Amino acid sequence: MHDMSAHAAQHGAPTSFIRKHVFSLDHKVIGKQYYALALLAALIGMVLSWIMRIHLGFGSYAIPGLHLLSKNGAPGDVMTPEYYLQLMTMHGTIMVFFVLTTAPFAAFGNFFLPIQTGAEDMPFPHFNMMSFWVTFVGFWVLVASFFVGDGPTLGGWTQYAPLSAIGSAGGPGEGLGVVLWATSIAIFCIGQLLGSLNFITTTLDMRCRGMSLMRLPLTAWAWFITSLMGLTAFAVLMPACILLILDHVAGTSFFVASNLVINDQMLPHSGGSTLLWQHLFWFFGHPEVYIAIVPGLGIVSHVLITNMRRPMLSHRVLIYSMGALATLSYMVYGHHMFVSGMNPVSSLAFSFPTLVITIPSTIVVLIWLGSLYGSKLRINAASLFALGFISMFISGGVSGFFLAQPSIDIMLHATYFVVGHFHLVMGVAAMFGIFAGTYFWFPKMVGRMMNETLGKVHFWMSFVGAYCIFMPFHYLGIAGNVRRYQAFTDDYLIHLIPVHKFITVAALFTGFAQLIFLYNLIHSRFKGVIPPNDNPWEGTSLEWSTATPPPHNNFGDKMPVVYHDPYQYSVEGASADYIMQTSPENVHSPDEEK
Amino acid sequence: MATTVHEPPKIELDHLPSQGSGNGGRRNLVPAGEDLRRLKDYSPPPASTGIWVGLAAITMTFAAFTSALIVRQGGAADWHHFTLPPVLYLNTLVIIASSVTLEIARRRIATFMGGLKGGDQDGVASPARWLYVTLFLGLLFVAGQTFAWMQLRAQGFGIATNVSYSFFYVLTVAHALHVFGGLGGLVRVIGKLHKSVLRRSTLDAASRYWHFMGVLWLYLLLLLWMRL
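Residues numbered from 1 in each chain as written. Chains lettered and ligands numbered in written order. Predicted model: local features only at pLDDT ≥ 70, side-chain atom pairs only at ≥ 80, totals over all residues.

Chemist: Could you give me a rundown of the overall build of chain A, with the residues and numbers involved?
Modeler: The helix and strand tally for chain A stands at 18 helices and four strands. At 24 Å, chain A has a C-alpha radius of gyration in line with the 25 Å of a compact globule built from 594 residues. Projecting the C-alpha coordinates of chain A onto the three principal axes gives extents of approximately 80 × 50 × 50 Å. (Helix = DSSP H or I, 4+ residues; strand = E, 2+ residues; numbered from the N terminus. Rg over C-alpha atoms; globule rule 2.2 N^0.38 Å.)

What follows is the structure, given as structure tokens:
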């Protein structure tokens, strides 16, 4: 046996400020950095949505100071149609990439995956550090597009060709704005690939003694499955972005068709395939939806189990279902392209797995509901947000059944129905997962508790607010309200304006609730109650068996040895109502893995 | 070329678990109250797993480029077929040769470390020699690719001339950038060897990456030859 310190000294505890807090190799610091970045990105994304909503609900009013944000997008503080589209694009891009991918996967995963597997750190800490800083640079490249040229791109977060590839002929931001967008996303891909590499190797190779794969908590499984998706999906988006950049800067014709006339000018490109971009983008784009939501499935299960004081009906089936979601997510991407002129047989081929993917999602939900049934759930902010997640996941998922069928999707495509669907199932649900994780893990991450009362107020306002915003979206969509319109002047839309006013008020109300969360987060960071012990929620997984906050190598002098399945609650004959994974107590529930 | 005899490198045990630290192993259950000593203690060092994960990502990237090429060519009336610059075939021989020299180097270093039995004195005396040869061949390959690009440009065929040239440049440049990554890995291995801190898993990972670059190039050559 060689000296263990040789292993622990993979990288020693840092001493300088820079190494400790800036260019840190410690996965916990990197996790917090990711969280801070996601928080900033979420704030920006939310403010953008407020501006858009105010414009949609009360279009004739000027928004004081708006002209400061854009050189020519808001003359007299009133938004131009192009500027609306630019804000919308940036809202989508920032939220999908820098919040929904960054917070539940990169932030919480970085902090807790090594701890939950019983590792001292990720195996490639330099890659891990690079992963964050590359993402950080990617974020600012994207934000920079607000301030250069004629502003950010207006093509939507999906950047459909040919609009995204024809340069400034396409409108403000379609030149430099698109190049910055594609550069930012390509950089982001590199960051996530490096992160995924670390996540996968941590899970496979860094587990402590006794930690078999099936003994990993559901969160660790969720991050592992997500990293497998991230590895394959971001590796495809990056080349797509490179080809898009080349169409701009090198004059190639990957995505722009021949003889395309824009503003009475024929473009010099020849023979490009506009569908090619959609294929490449959605091959990434659909798994991306699951990259955003699968960590949430893990977090919600983890939080609920701890608060129910009993395990889920089936640990294995939950894991297999998440795996099935990940696998199927690659086979369904064509459902985004039902109206793209694709062969109808292809539509049918993509429709079938789209309906099939609802089966593992439904199994997950049924396991949650079945496990919750009859349990004495401890109500706190974390468990409320976990329940809220389930509610949003179901509500958003049900509309997916309709959209999965090409014949119905032809009518609903590109309407507010779709916007409502993905905001509930991917946006709000994933955000609720992030909130549940935040309230639950905050004591371990910073050593203080968040205020529970404010947390519950935050939950109820967000829960009611989110439904008030996104349920009417479905109604608007069925009424034919097309998405991405910046004003409603057509006869069939005018009578919908009151609905838009209501949604705007709801959006401001919900946004205000997020400010309460922000206050709670910052206030608790410095003034929050210090948790009574290292395990305030009486959890069983490894993060609760180490100090608060965890030491540099996560477990101090003694590395953990695992003796139990992750969720041993209310086991007959045990000394308490839970058995920690590290407890050598020789008591087993009948269904524990042998 | 370095011929100095120096101390055999220290082989760090690759994260072998000790005192409950490190790798759990793949099927490493500990029933409570039972003897820990009968556990299977070993799982592969992260570099061995990591390299396969990295290669999987690179495979996906080139798969995406390939499908882009096939889709773009399928619907295009403007595709311009052209003959590949002959120097590419020479480059192919160079990169194959570099894989052979790297494999020789790897085996000699393994012998030097005492990891393998047998081996000759010459190899033990200069473990880094074949690594330098590999490095040289790698640089020669990149130089050869650069020559091919220059040759095409001199003939007036730039990246925007036709989409077939676009794909040629994109695929070969993307491959060359990845080859630079491999060269970086070799330099790192040589540096660690000289400092006597080389790990077996680092050497193996760098070798796998390099061989993969060779295989990837053979695939790309076949693709370009068939499609362009």
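Chemist: Residue-level account of the overall build of chain B, with values.
Modeler: Across its full length, chain B holds six helices and zero strands. Counting helices and strands in the order they occur from the N terminus, chain B gives α-α-α-α-α-α. Burial analysis of chain B (228 residues in total) assigns 38% to the buried set. Sequence separation of at least 24 residues holds for 77% of the intrachain contacts in chain B that already meet a minimum separation of 6. (Buried ≥ 20, exposed ≤ 12 C-beta atoms within 10 Å, placed from the backbone. Contact = placed C-beta atoms within 7 Å.)

Chemist: Describe the packing of helix 7 (residues 176-205) of chain A against helix 1 (residues 46-74) of chain B, listing the residues and the values that go with them.
Modeler: Packed helices, taken two at a time, are described by the angle their axes make and the gap between the axes. Running from N to C, helix 7 of chain A and helix 1 of chain B cross one another at 140°; their axes reach a closest spacing of 9 Å. By the criterion of interaxial angle, the relationship of helix 7 of chain A to helix 1 of chain B is oblique. Classified by chirality, the crossing of helix 1 of chain B by helix 7 of chain A is right-handed. Judged by residue contacts, Leu193(A), Leu197(A), Ile200(A), Thr201(A), Leu204(A) and Asp205(A) of helix 7 of chain A engage Pro46(B), Thr49(B), Gly50(B), Val53(B), Gly54(B) and Ala57(B) from helix 1 of chain B. (Axes fitted to C-alpha atoms, helices over the stretch in contact; angles between N-to-C directions. Parallel < 35°, antiparallel > 145°, perpendicular 65-115°, else oblique. Left-handed = near helix turned anticlockwise from the far one by under 90°.)

Chemist: Tell me about helix 6 (residues 125-144) of chain A, and please be specific about residues and values.
Modeler: All names here are of chain A. Between the first and last C-alpha of helix 6 there are 29 Å, a value that for 20 residues agrees with the 28 Å anticipated at 1.5 Å per step. Looking at helix 6, one finds that the buried residues are Phe 127, Asn 128, Met 129, Ser 131, Phe 132, Val 134, Thr 135, Gly 138, Phe 139 and Leu 142. Of the surrounding secondary structure, the elements contacted by the buried residues of helix 6 are helix 3 (27-57), helix 5 (81-117) and helix 7. (Expected span 1.5 Å × (residues − 1).)

Chemist: If you had to explain the confidence of the model for chain A to someone new, which residues and values would you point to?
Modeler: Confidence along chain A averages 91 in pLDDT terms, with 98% of residues attaining 70 or more. Every residue in residues 1-9 of chain A scores below 50 in pLDDT, and together they form 12 contacts with partners more than four places removed in sequence or on other chains. (pLDDT = per-residue confidence, 0-100.)

Chemist: Which residues make up unusual backbone geometry, and what values go with them?
Modeler: Residue and element names in this part refer to chain A. Between Ala 161 and the following residue, Pro 162, the backbone shows a cis peptide bond with an omega angle of 5°. One can find Pro 162 in the loop between helix 6 and helix 7. With an omega dihedral of -15°, the bond running from Thr 548 to Pro 549 counts as a cis peptide bond. Phi angles above zero are rare outside glycine, and Asn 259 is one such case at about 55°. When you line up the elements, Asn 259 lands in the loop between helix 8 (218-249) and strand 1 (261-262). When the 9 C-beta atoms within 10 Å are taken as the criterion, Asn 259 is described as exposed. With a phi close to 60°, Arg 309 is a non-glycine residue in the positive phi region. Among the structural elements, Arg 309 can be located in the loop between helix 9 (274-308) and helix 10 (315-328). A residue is classified by how many C-beta atoms lie within 10 Å of it, and Arg 309, with 16 of them, is partly exposed.

Chemist: Could you give an account of the confidence of the model for chain B, with specific residues and numbers?
Modeler: Residue and element names in this part refer to chain B. The share of residues in chain B with pLDDT of 70 or more is 75%, and the mean pLDDT across the chain is 79. Ranking the elements of chain B by mean pLDDT puts helix 3 (residues 121-125) last, at 50, and helix 4 (residues 129-154) first, at 94. The low-confidence segment residues 1-41, where pLDDT is below 50, has 93 contacts with residues more than four positions distant or belonging to other chains. Here residues 115-119 is a poorly scored stretch, pLDDT under 50, and it has nine contacts once near neighbours within four places are set aside; other chains count. In the predicted assembly, ipTM is 0.91 and pTM is 0.92.

Chemist: Provide a residue-level description of the environment of Val29(A), including the pertinent values.
Modeler: Residues and elements named next belong to chain A. Secondary-structure assignment places Val 29 in helix 3. With 22 C-beta atoms packed within 10 Å, Val 29 lands in the buried category. A C-alpha to C-alpha distance of 45 Å links Val 29 and Gly 272, two positions 243 residues apart in sequence. Apart from residues no more than four positions distant in its own chain, Val 29 is found in contact with His 21 and Ser 24.

Chemist: Account for the packing of helix 3 of chain A against helix 5 of chain A, with residues named and values stated.
Modeler: Residue and element names in this part refer to chain A. Running from amino to carboxyl end, helix 3 crosses helix 5 at an angle of 155°, the nearest separation of the two axes being 7 Å. Considering their axes alone, helix 3 and helix 5 lie roughly antiparallel with respect to each other. Our pair here, helix 3 against helix 5, has a crossing hand that is left-handed. Split by residue class, the contact of helix 3 with helix 5 holds 25 nonpolar, eight polar and two charged. (Nonpolar A, V, L, I, M, F, W, Y, C, P; charged D, E, K, R; others polar.)

Chemist: Please provide a residue-by-residue account of the environment of Ser347(A), values included.
Modeler: Residues and elements named next belong to chain A. Take Ser 347: it is sitting in helix 11 (residues 344-356). Separated by 167 residues in sequence, Ser 347 and Gln 514 place their C-alpha atoms 40 Å apart. For Ser 347, the residues in contact, after removing those within four places along its chain, are Gly 334, Phe 338, Met 342 and Pro 406.

Chemist: Please set out the nonpolar core residue by residue, giving values where relevant.
Modeler: Residue and element names in this part refer to chain A. By size, the foremost hydrophobic cluster in this structure holds 225 residues, and its most contacted members are Ala 38, Phe 385, Ala 429 and Ala 436. Filtering out sequence-adjacent residues up to four positions away, Ala 38 remains in contact with Phe 98, Val 99, Thr 102, Ala 103 and Ala 107. Grouped together as the second largest cluster of nonpolar side chains are five residues, Val 571, Tyr 578, Ile 579 and Met 580 included. (Core = buried A, V, L, I, M, F, W, Y, C linked by C-beta atoms within 7 Å.)

Chemist: I'd love a proper account of the environment of Ile94(A), names of residues and values included.
Modeler: Along the chain, Ile94(A) turns up in helix 5. Taking the C-alpha atoms as reference points, Ile94(A) and Leu142(A), separated by 48 residues in sequence, lie 8.3 Å from one another.

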